[in-house]
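Letter by letter, the chains look like this.
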Amino acid sequence: MPSPRNESSDRRIAESLDLKPGVYRHLRDSLQEGEFPVWLRTGDPRLAGQFTDAFAFEMLCERMHAQEALDRRRHNLASRLAENEKTKEAEMAESARDEGRLEDLGFVLDSADAPEGVETPEKEEHAKFLAGLRVNAGLAMALRSAFRRSGELNITATGKEGVEVKPYQDLVDFKGLISSFAPARYLLLRRGERAHAVQVEFSLPKEALASVFEKESGYPIQERDSYRSLFDGFVQNERLPRFVQEARAQLKRSAETGALQHAWENIEFSVDRGIHPGGVAGVGVMKGKVHLAFLSSGGELLKSGSIPSKGDNLAERILKFFGEEAPTLVAFQGDTQSRNAAQKLVKKLRVEDKQARAAMIPVPVVKTMVREVARRGAESLLGHDERQVYLLAVFAHNPRAAVLHTPHIARAFIAYRGEFNSRRLEEFETTFLRNLLVEHGADVNQAPADVLGLVPGVSPRGVELERSTAPFLSLEDFQDRMGLSEPAWRAASGLLRVKAGVDILDRRPLQPMYYGALRQVLDGSDLSLEAALKTPQKLRDLNWDPVLESRGWKPSVVRLIVDRLQRSIRKRRAPRPKGKGLDMLQVGDVVKGKVTSVAAYGAFVSIGARCDGLVHVSHLSDDFVKDPKEVVKVGQDVSVRILSVDVEKSRFRLSMKSETASQDAPKSSANSAHRSTRPKGRPGGNRAGGPDGGHGGRDDFGGGGGKGRGKKEKLGPDPKKEKKEEFDPTNPFFVFFQNKEDGAESK
């Protein structure tokens, strides 16, 4: 049953997505009405210019669907708890921020029967104790919080005969906190497990388990040891498997997101370019021979064959094989022998004053083309190895056309794609290829069927039949003859072009819905359409206010129109991303960095990653800091420790505190930028529960804290329990009120 839409749930979901509530509601409603994401990102006037990164927008849509599913489960559980008169638990369910906490709260509705395979103790008291543990939501939240905070990961080699451990050697003997394990390595770890080369053990330290047992289980003091044994078995058999499943899911999702981000950047750099203007040579070393293929500037196969790889003067022999014409691009597959041969050839060409450069093509890309590209006339007589280097040269000659013709090439750039969720691979592939069409377009009169198949709502066969009778004159003519649905037309019109049509705007990457507004504003000015297309920046100086007001559009639409017209003039090739990906950062590592900017809430530090990390003002020093500018300045070299990494949102947090000061500092939520100021014992607070059974709040991962035991006997304060601090102990106001409170208690 879907949850009712209300302002509080919309605001909560929007906050988790870093969106304004109005923007979130429009996105949600549009997707539910059947709009395509490519239209919302590139053409919707209400979202104009807000989402320029196609990959980030795809991840945003995924997170939005996940948050909406969580909201429905939150509402359903809260309703069930309220129906069963579990008022406190229902209130906590309404404020839950993750699946784990909802699962823990749901235990109060489950029966107390032992799960299948778990024997019921003979003693009635022991069976009653275990039954109470199974429906204790506070205990479940305390255990989950302890696991997220202190859970450990131990990786060892299986030692099985015939299983190669070398690819996974860097993972073997890792032992530490789960939070300190780099998510980027998890896909390799999964592959190692599937190959039976390594085994993984998740555990909760005895100290953390003992702490939860003392505070939350409610055992009879006189029989501590026997009840501790029951408690340990309960955690091991019934709770730990759930925590491990959650940890694995989080690691896998973070690893997939990081790998997709890295692959997107590499594909964009390697693929998003046009036809190479000169001759292209394909080079590959296989079975002791150098296999060669030579393509003309028009992409025609001029010569193919092979020569021995061993022997002197390899470069001279390759040039002699090519004859009088010399290639200006040498494409080689990404193995060591092929790279060495290609480098020798390029070096020889440069010595002879012939301009040439090398391009490495990943082996999976070549294998994908060999497997999925049908043989054509030019390659009908080629052997397997010769055809492989021929396809290598074909890709290097026109990579954009190659990836549009063979979409699975996009997947070939993804590391460990065999460990991926297949749905994510398909969505990634479609999103990337449609983004190519947004930038470069598909001519309705020339585009092949495989390219037209990427356009939402378009039937390639129908387009080919229709244009065989008469060419399309414009996008309007295309819609009149093809009759696409409104959502499909809005999405398709931004991907299609009519380069030989009657409307000059149909050749540009601009949605047809903006044609009227553009012509209207030009009619009231001295600027012609031709001049505006040559210099789109001049459009910014025109009077757009009446046009925008009549259509209910925001000023950001003007920026969208100018941006789309500028892209039609010249699209610069995307630079290769610099710096390491966030998925390679490990929580807890101490690294060197340089301060890049200082704000009132902290400082941003560059540590060689693709974005800067934030050192919050509370982590700039062991002492209280009022003004960050008093502690750090731009350009200063600092040593920082990595606190947390969020790959999906492309951000990470750092600390300049000493390790001992960080351990002594009060624990705060990783999803909150401020300390809680809620009083003790109230639901949703940051404490683990008051003496009267108050519910704890969010833990390090947004999960629940503990639930108080609610014991009737007065045993006095626990001498082992450390008093938690809610504020910076060096804050003078905190010291003043703390002294007054201590004085009042002594009286």
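Preceding this section is the structure that the text describes.
Reference entry: report on the structure contained in this document.

Here is what the cut-offs are and how they apply
- Residues numbered from 1 in each chain as written.
- Predicted model: local features only at pLDDT ≥ 70, side-chain atom pairs only at ≥ 80, totals over all residues.
- Heavy atoms only, no water.
- Helix = DSSP H or I, 4+ residues; strand = E, 2+ residues; numbered from the N terminus.
- Buried < 20%, exposed > 50% of the residue type's maximum accessible area, 1.4 Å probe, protein only.
- Lys, Arg positive; Asp, Glu negative; His and termini not counted.
- Salt bridge = Lys/Arg side-chain N within 4 Å of Asp/Glu carboxyl O.
- Polar contact = N/O pair within 3.5 Å; in protein donor to acceptor, adjacent residues only side chain to side chain.
- Contact = heavy atoms within 4.5 Å.
- Axes fitted to C-alpha atoms, helices over the stretch in contact; angles between N-to-C directions.
- Left-handed = near helix turned anticlockwise from the far one by under 90°.
- Nonpolar A, V, L, I, M, F, W, Y, C, P; charged D, E, K, R; others polar.
- Pairing = 2+ DSSP bridges.
- Expected span 1.5 Å × (residues − 1).
- Bend = angle between axes of the 7 residues up to and from the residue.
- Phe/Tyr/Trp six-rings, centres within 6.5 Å; stacked < 30°, edge-to-face > 60°.
- Lys NZ or Arg CZ within 6 Å of the ring centre and 35° of its normal.

## Overview of the side chain of Arg497
One can find Arg497 in strand E10 (residues 496-497). Put simply, Arg497 is tucked away with no salt bridge, and the nearest opposite charge, on Glu439, sits 7.0 Å away. Within the local environment of Arg497, its side chain forms a polar contact with the backbone oxygen of Val438, the two atoms lying 3.0 Å apart.

## Remarks on helix H7 (residues 124-134)
Within the span of H7, buried status applies to His126, Phe129, Leu130, Ala131, Leu133 and Arg134. Packed against the buried residues of H7 are helix H8 (137-150) and helix H11 (224-271).

## Thoughts on unusual backbone geometry
We note that Asn313 has phi near 55°; this positive angle belongs to a residue other than glycine. Among the structural elements, Asn313 can be located in the loop between strand E6 (301-308) and helix H12 (314-322). Even without being glycine, Tyr416 reaches a positive phi, approximately 55°. Residue placement: Tyr416 occurs in the loop between helix H17 (409-412) and helix H18 (422-440).

## Description of the packing of helix H10 (residues 206-216) against H11
Relative to each other, H10 and H11 sit at 115°, their axes nearing to 11 Å. In the crossing of H10 with H11, the sense of the turn from one axis to the other is right-handed. Between H10 and H11, the contacting residues are Lys206, Leu209, Ala210, Val212, Phe213 and Glu214 on the first element and Arg224, Tyr227, Arg228, Phe231, Asp232 and Val235 on the second. Class assignment for the residues of the contact of H10 with H11 results in seven nonpolar, no polar and five charged.

## Regarding the pattern of salt bridges
In total, this model carries 39 salt bridges according to the counting rule given. Ionic pairing is found between Arg242 and Glu103, a salt bridge with its closest N-O pair at 2.9 Å. Placement of Arg242 in helix H11 and of Glu103 in helix H6 (residues 99-106) is noted, with a sequence separation of 139 residues between them. Note on Arg242: relative accessible area 33%, which makes it partly exposed. Asp225 is the partner of Arg224 in a salt bridge, and the nearest nitrogen-oxygen pair spans 3.8 Å. Accessibility expressed as a relative area gives 31% for Arg224, which makes it partly exposed. For Asp225, a relative accessible area of 62% puts it in the exposed group.

## Some details on the environment of Leu539
Mapped onto the elements of the fold, Leu539 is located in the loop between helix H24 (529-534) and helix H25 (545-551). By relative accessible area, which is 0% here, Leu539 ends up buried. For the pair Leu539 and Val558, spaced 19 residues apart in sequence, the C-alpha to C-alpha distance is 8.0 Å. Those residues in contact with Leu539 that sit more than four places away from it in its chain are Leu518, Leu522, Leu527, Ala532, Trp544, Val562 and Leu565.

## Digging into the sheet that holds E6
Taken in spatial order, the five strands make up an open sheet running E6-E5-E4-E7-E8, and their pairing is mixed. Whereas interior strands pair on both sides, the edge strands pair on one side only; in this sheet they are E6 and strand E8 (357-361). Adjacent strand axes in the sheet meet at a mean angle of 20° when their direction is disregarded. Sheet topology places strand E4 (residues 280-286) next to strand E5 (residues 289-295); seven bridges connect them, and they run antiparallel. Residue pairing across strands places Val280 opposite Leu295, the latter belonging to E5. On top of the sheet, helix H13 (residues 336-351) reaches E4, strand E7 (329-333) and E8; it is set at about 170° to E7, its chief contact. Those strands touched by helix H15 (residues 384-397) are E4, E5, E6, E7 and E8, and its axis lies near 140° from that of E4.

## Here's the deal with H11
When the terminal C-alpha atoms of H11 are compared, their 66 Å separation across 48 residues agrees well with the 70 Å that a helix rising 1.5 Å per residue should span. Along its length, H11 shows its largest kink, about 45°, at Arg239, and proline Pro241 lies within four residues downstream of that point.

## Structural notes on the sheet that holds strand E15 (residues 651-655)
On the basis of which strands lie adjacent, the closed barrel formed by five strands has the order E11-E12-E13-E15-E14 and mixed pairing. The mean angle between the axes of side-by-side strands here comes to 50°, regardless of whether they run parallel or antiparallel. Pairing analysis gives four bridges linking strand E12 (residues 602-606) to strand E13 (residues 613-616), with the strands arranged antiparallel. Residue pairing across strands places Val605 opposite Gly613, the latter belonging to E13.

## As for the pairing of E6
Across seven bridges, E5 lies against E6 in antiparallel orientation. Looking across to E6, one finds that Val290 is bridged to Ile307. Here E5 hands over to E6 after five residues, with Gly299 in that stretch at a positive phi of 90°.

## Digging into the packing of aromatic side chains
How two aromatic rings sit relative to each other is set out by the distance from centre to centre and by the angle between their planes. Summed over the entire model, instances satisfying the criterion amount to 15 aromatic pairs. Summarising the aromatic geometry, the rings of Phe55 and Trp264 are spaced 5.8 Å apart at their centres and angled 50° between planes, so their arrangement reads as tilted. Separated by 209 residues along the polypeptide, Phe55 in helix H4 (residues 54-83) and Trp264 in helix H11 bring together distant segments of the chain. There is no split in this pair, since Phe55 and Trp264 are both buried. A centroid spacing of 5.2 Å and a plane angle of 70° characterise the contact between Tyr514 and Trp553, whose relative ring orientation is edge-to-face. With a gap of 39 residues between them, Tyr514 in the loop between E10 and helix H23 (515-523) and Trp553 in the loop between H25 and helix H26 (556-569) connect regions that are remote in the sequence. The same class applies to Tyr514 and to Trp553, which are both buried. Grouping aromatic residues by their ring pairs yields a cluster made of Phe55, Trp264, Phe428 and Phe432. Sitting over the face of the ring of Phe321, Lys303 holds its NZ or CZ atom 5.6 Å from the ring centroid.

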